[in-house]
Amino acid sequence: MEILKIKNLSKVYGGKVAYKALADIDLTIEEGEFVGIMGPSGSGKSTLLNMVATIDQPTSGSIMVDGKDPLRMKHNELALFRRRQLGFIFQDFNLLPTLTVEENIVLPLTLDGVSVKEMDKRVADVAEKLGITAILKKRIYEISGGQAQRTAIARAIIHNPKMVLADEPTGNLDSKASKAAMEMMEKVNKEDQTTMMMVTHDPIAASYTERVVFIKDGTLFNEIHRGDNRQAFFQKIIDVLSLLGGDSNDLSSIRV
Ligand SMILES: Nc1ncnc2c1ncn2[C@@H]1O[C@H](COP(=O)(O)OP(=O)(O)OP(=O)(O)O)[C@@H](O)[C@H]1O
Ligand SMILES: [Mg+2]
């Protein structure tokens, strides 16, 4: 089943000089897929993600999420849709620093009036899955970046969203913490069939997805599929990045 169907999507930013950030994008994501979005800086990746996130609106074209059109929703309906059907993971984690890990994870549920008993059960499950049970009572300023990102992943999935959207989730992590975060995202995708769309510059992170869609100058450039060999997929990703130009010159020495 299609969870995301983008048709003919264009985005023009206004201002003194209008700027076309995306032009005629068509993209379909099936339920349960894990899709990476790559492309040079300024190519329109975050713009695309923000429109799927319903944070920003397209200039023309359509976006259907799970058969529904967020653009046709009223303000309250849209807020609920975003909170219940989507999960978000950001580069800077976006956690509340003075709250505990547990308090951060349950935030999406507290807003929806879920019972304490149900919350406790869900936190225990998701913490176990992400290997953060031991740090649930710690405050965010007491944990590492890698632990913070796993906390953010837990928060993004606690309400069983239809789709998780991630913008550079490994951007602030070292390579070891990046791999751990990607292994967690892969696990959530496989075990819960949660659909994931992840923007990344990092070819290693991208190699954990099943399909990478490349954007150049606001248009689709290419897409490649993983198959069963992550190492080979990583190499294909590097090859397309070097075709794309930009910031991919000295990637060949990276070890997967
Ligand atoms: N609010 C805005 N107003 C005007 N122009 C914008 C706005 N947001 C983004 N742009 C422009 O649209 C283009 C695409 O931006 P976007 O943030 O989507 O790029 P990106 O692919 O995510 O880049 P990066 O890899 O650096 O994060 C850029 O040229 C950017 O300057
Ligand atoms: Mg961006």
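You'll find the structure just up there.
Just so you know, these numbers come straight off a predicted model, no measurement behind them.

(A) Structural view of the sheet that holds strand S9 (residues 219-225). The mixed open sheet is built from six strands, whose spatial order is S5-S6-S7-S3-S8-S9. Looking at the sheet topology across the chains shown, the edges are occupied by strand S5 (86-90) and S9. Each neighbouring strand pair of the sheet contributes to a mean axis angle of 20°, computed without reference to strand direction. Here strand S6 (residues 163-167) pairs with strand S7 (residues 195-199) via five bridges, running parallel. Its bridge partner lying in S7, Asp 167 is registered against Val 199. Against the sheet, helix H2 (residues 75-85) engages S5 and S6, with an angle of about 70° to S5. Of the strands in this sheet, S5 and S6 are in contact with helix H5 (residues 145-157), which crosses S5 at around 165°.

(B) Representation of the site of ligand 1. Neighbouring residues of ligand 1: Tyr 13, Tyr 19, Ala 21, Pro 40, Ser 41, Gly 42, Ser 43, Gly 44, Lys 45, Ser 46, Thr 47 and His 201. The separation between an oxygen atom of ligand 1 and a polar main-chain atom of Gly 42 is 2.8 Å. In this structure, Lys 45 approaches ligand 1 through a side-chain N or O atom, which is 2.7 Å from an oxygen atom. Taken by itself ligand 1 offers 630 Å² of open surface, and the protein chains cover 59% of this. Elements supplying a minimum of two residues to the shell around ligand 1: strand S2 (19-30) and helix H1 (45-52). Residue contributions to the shell around ligand 1 peak at three residues, all from H1. When the residues that make up the shell around ligand 1 are grouped by side-chain class, the tally is four nonpolar, seven polar and one charged.

(C) Fine view of the side chain of Ser 43. Along the chain, Ser 43 falls in the loop between strand S3 (34-38) and H1. For Ser 43, the side chain forms a polar contact with the main-chain oxygen of Pro 40, separated by 2.6 Å. Ignoring anything within four residues of it in the chain, the contact list for Ser 43 reads Ala 21, Leu 22, Ile 215, Lys 216, Asp 217 and Gly 218.

(D) The arrangement of the environment of Asn 104 in detail. Along the chain, Asn 104 falls in helix H3 (residues 101-110). Separated by 85 residues in the primary sequence, Asn 104 and Asn 189 place their C-alpha atoms 21 Å from one another. If near-sequence neighbours (up to four positions away) are discounted, Asn 104 is found in contact with Leu 95, Leu 96, Leu 99, Ile 140, Thr 151 and Arg 155. A distance of 2.7 Å separates a polar atom in the side chain of Asn 104 from the backbone nitrogen of Leu 96.

(E) Representation of the nonpolar core in the model. Of all hydrophobic cores here, the largest spans 42 residues; its most connected members are Val 101, Ile 105, Ile 132 and Met 185. Those residues in contact with Ile 132 that lie beyond four places of it in its chain are Val 101, Ile 105, Ala 127, Arg 150, Thr 151 and Ala 154. One finds Val 35, Ile 63, Phe 81 and Ile 215 within the second-largest nonpolar core, a separate group that totals 28 residues.

So, how was this worked out
- Residues numbered from 1 in each chain as written.
- Chains lettered and ligands numbered in written order.
- Predicted model: local features only at pLDDT ≥ 70, side-chain atom pairs only at ≥ 80, totals over all residues.
- Heavy atoms only, no water.
- Pairing = 2+ DSSP bridges.
- Helix = DSSP H or I, 4+ residues; strand = E, 2+ residues; numbered from the N terminus.
- Axes fitted to C-alpha atoms, helices over the stretch in contact; angles between N-to-C directions.
- Contact = heavy atoms within 4.5 Å.
- Near = heavy atom within 4 Å.
- Polar contact = N/O pair within 3.5 Å; in protein donor to acceptor, adjacent residues only side chain to side chain.
- Areas by Shrake-Rupley, 256 points an atom, 1.4 Å probe, with all protein chains shown as cover.
- Nonpolar A, V, L, I, M, F, W, Y, C, P; charged D, E, K, R; others polar.
- Core = buried A, V, L, I, M, F, W, Y, C linked by side-chain atoms within 4.5 Å.
- Buried < 20%, exposed > 50% of the residue type's maximum accessible area, 1.4 Å probe, protein only.

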